[in-house]
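So the chains spell out like this:
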Amino acid sequence: MKNVNHILDQETRNGKLNWARCLFIFLSGIAFPAYGYIDPGTGSMLFSVMIGLVSVVFFTVRSALIRLRTLPIWYHHDKGYASKNKKEFVIYSEGRQYWNVFRPVIEELDRRAISCHFYTSDESDPGLKYQSNHVKARFIGKGNKAYAMLNMLEADLCLMTTPGLDVYQLKRSKFVKHYTHILHSTDDVTFYRLFGLDYFDSVLLTGEYQKKAIRQLETLRGIKEKKLIVVGCTYLDELKKSLDNLPVVVKTDSNYTVLVSPSWGENGILRKFGMSLLKPLVESNFQVIIRPHPQSAISEKKILDYLMEQLKPYQNVEWDFHRENIHAMQKSDIMISDFSAIVFDYLFLFSRPVIYTSYNFDKRPYDCSDLEEEPWKFQTLNRIGIRLTEDNFMNIREIVLNNIHNRDLQEKIRERRETAYFYPGQAGEKVVDAILSLQQAEL
């Protein structure tokens, strides 16, 4: 089925797929009789085939209409053709959690009176309430419904944080000239799932250091070089503005607060260690804020329910599920995490110490697995973080107390911040400059 899907994708892009051949490929890719269980992976492939077929129909009909309408009998040859559905700039957001990424860009486009369309897959996205004569916001559905629309999009440039373009259901539209990926953190680009950035035309980076790994992957995989532009980090700029507007929290040495803020999945510390880490921590008499990754509430609900039940007797535990993480970070004195990108938000905004759990990280699902050099993320954690091994969980109180006022880390944090976080406070302006230059290059 993988080969069938690949053929369909290639033939669709090349415009060579006729109806008879389409039917033959589709039928040859189906196993008969179809009485058995269809696993999620196969289901996803089947859906991709169906999307491919629908796309063939759409593109064939659309191309025919365009050819008809561009004939001289319809209008003067010097006027050219422009579809009424064509847009200059489209911004796609998977959900409200990315509003801090796109808000500075939209505000800068609005300030310059440049029109754009903001599409989102979240009905509660704050972007839908943005009032402007230049920005048109629209909810386009979730999952496959959103992909079906995006796969037929017409635009000069489409900007998104969503990785995996042309890898899974999200396909390149033949009527989009340029796809741009914008990073939503200062984190290591090689921690995207495999091939996450491969098929974008350009990537907007937060720091110069990210270029090296992308170029190495392009060379290894023999793919086209992308345009790489350093613009800073809109997300971190917005967090900094939010922080400046919050009341000052007075810290005392008698009541430290530890923030546990992990990633999700098989490498996340809540799944990997659970109570073996949390129990000695909450029994150390610190105030403990546990802030699971938003995806954990969806993918790891049973684990969270179990941990919440186990920690009910402890009055010093607070669970934080708020959309904004700035409040929890501000209240804390030290963070415990894993490989989550929030580590760098915390280090670069607050310059407070981070304890990271050390274990054999499974790199296979990520782009970093194809590179021999140790990822920048791990290099940085080894340099400016405090390593915590599983056999030291019972000593967590002493480890926290010994490092909570570690002043030696300040200069190391500053050095890494300057490497990863360019143009503080200017990212919105830099992104708009970049997309305008990319659009001009495509004309």
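Since the model is a prediction, treat every value here as computed from it, not as a measurement.

Some words on the overall build of the chain
Regarding its fold elements, the chain presents 17 helices and 13 strands. Classification of the 443 residues of the chain by burial places 51% in the buried group. The long-range fraction of contacts in the chain, counting pairs at least 24 apart against all pairs at least 6 apart in sequence, stands at 69%.

Let's talk about the packing of aromatic side chains
Inspection of every chain in the model, using the stated rule, returns 18 aromatic pairs. Residues Phe-344 and Trp-376 carry aromatic rings whose centres are separated by 5.2 Å and whose planes lie at 40° to one another, so their mutual orientation is tilted. With Phe-344 in helix 13 (residues 342-350) and Trp-376 in helix 14 (residues 376-384), this residue pair connects regions lying 32 residues apart in the sequence. Overall, the relative accessible area of 1% leaves Phe-344 in the buried class. Among the residues examined, Trp-376 registers a relative accessible area of 10% and is labelled buried.

Points about the sheet that holds strand 12 (residues 354-357)
In any sheet, the strands associate via hydrogen bonds between backbone groups, in a parallel or an antiparallel arrangement. Read across the open sheet, the 6 strands follow the order 10-9-8-11-12-13; overall the sheet is parallel. With partners counted over all chains shown, the strands left at the sheet margins are strand 10 (317-319) and strand 13 (386-388), one partner each. Averaged over all pairs of adjacent strands, the angle between their axes in this sheet comes to 25°, without regard to strand direction. Where strand 12 lies against strand 13, 3 bridges are found, and the strand directions are parallel. From the neighbouring strand, Ile-355 faces strand 13, where its bridge partner is Ile-386.

Things to note about the pattern of salt bridges
Summed over the entire model, instances satisfying the criterion amount to 29 salt bridges. Between Glu-218 and Lys-226 there is a salt bridge, and its shortest N-O distance comes to 3.0 Å. Of the two residues, Glu-218 and Lys-226, both sit in the buried class. We note a salt bridge from Glu-415 to Arg-383, for which the minimum N-O separation is 2.8 Å. Of this pair, Glu-415 sits in helix 16 (residues 409-420) while Arg-383 sits in helix 14, placing them 32 residues apart in sequence. We classify Glu-415 as partly exposed; its relative accessible area is 31%. With a relative accessible area of 36%, Arg-383 lands in the partly exposed category.

Quick notes on unusual backbone geometry
Apart from glycine, the bulk of residues carry a negative phi angle, and the bulk of peptide bonds sit in the trans form. The backbone phi angle of Asn-285 is positive, close to 70°, even though this residue is not glycine. By relative accessible area, Asn-285 is classed as exposed at 65%. A positive phi angle, close to 50°, is found at Tyr-423, a residue other than glycine. In this fold, Tyr-423 is placed in the loop between helix 16 and helix 17 (427-442).

A few points about the confidence of the model for the chain
Put simply, the chain has an average pLDDT of 85, and 80% of its residues get 70 or more. This model gives residues 1-29 a pLDDT under 50, and the stretch forms 37 contacts once residues within four places in sequence are excluded. Taken together, the stretch residues 32-41 has pLDDT below 50 and engages in 3 contacts with residues farther than four places along the chain or on a different chain.

A word on the side chain of Ser-185
With respect to the helices, strands and loops of the structure, Ser-185 is situated in the loop between strand 5 (175-182) and strand 6 (202-205). A polar contact of 3.2 Å, which involves the side chain of Ser-185, links it to the backbone nitrogen of Asp-187.

Concerning the sheet that holds strand 4 (residues 154-160)
If you trace the 7 strands from one edge of the open sheet to the other, you get 3-2-1-4-5-6-7, paired in parallel fashion. Pairing within the sheet leaves two strands with one partner each, and these edge strands are strand 3 (135-139) and strand 7 (227-230). Across the sheet, the mean angle from the axis of one strand to that of its neighbour is 20°, orientation sign disregarded. Summarising the sheet, strand 6 and strand 7 pair through 4 bridges and their orientation is parallel. Looking at strand 7, one finds that Val-203 is bridged to Leu-228.

Reading guide: rules and limits
- Residues numbered from 1 in each chain as written.
- Predicted model: local features only at pLDDT ≥ 70, side-chain atom pairs only at ≥ 80, totals over all residues.
- Heavy atoms only, no water.
- Helix = DSSP H or I, 4+ residues; strand = E, 2+ residues; numbered from the N terminus.
- Buried < 20%, exposed > 50% of the residue type's maximum accessible area, 1.4 Å probe, protein only.
- Contact = heavy atoms within 4.5 Å.
- Phe/Tyr/Trp six-rings, centres within 6.5 Å; stacked < 30°, edge-to-face > 60°.
- Pairing = 2+ DSSP bridges.
- Axes fitted to C-alpha atoms, helices over the stretch in contact; angles between N-to-C directions.
- Salt bridge = Lys/Arg side-chain N within 4 Å of Asp/Glu carboxyl O.
- pLDDT = per-residue confidence, 0-100.
- Polar contact = N/O pair within 3.5 Å; in protein donor to acceptor, adjacent residues only side chain to side chain.

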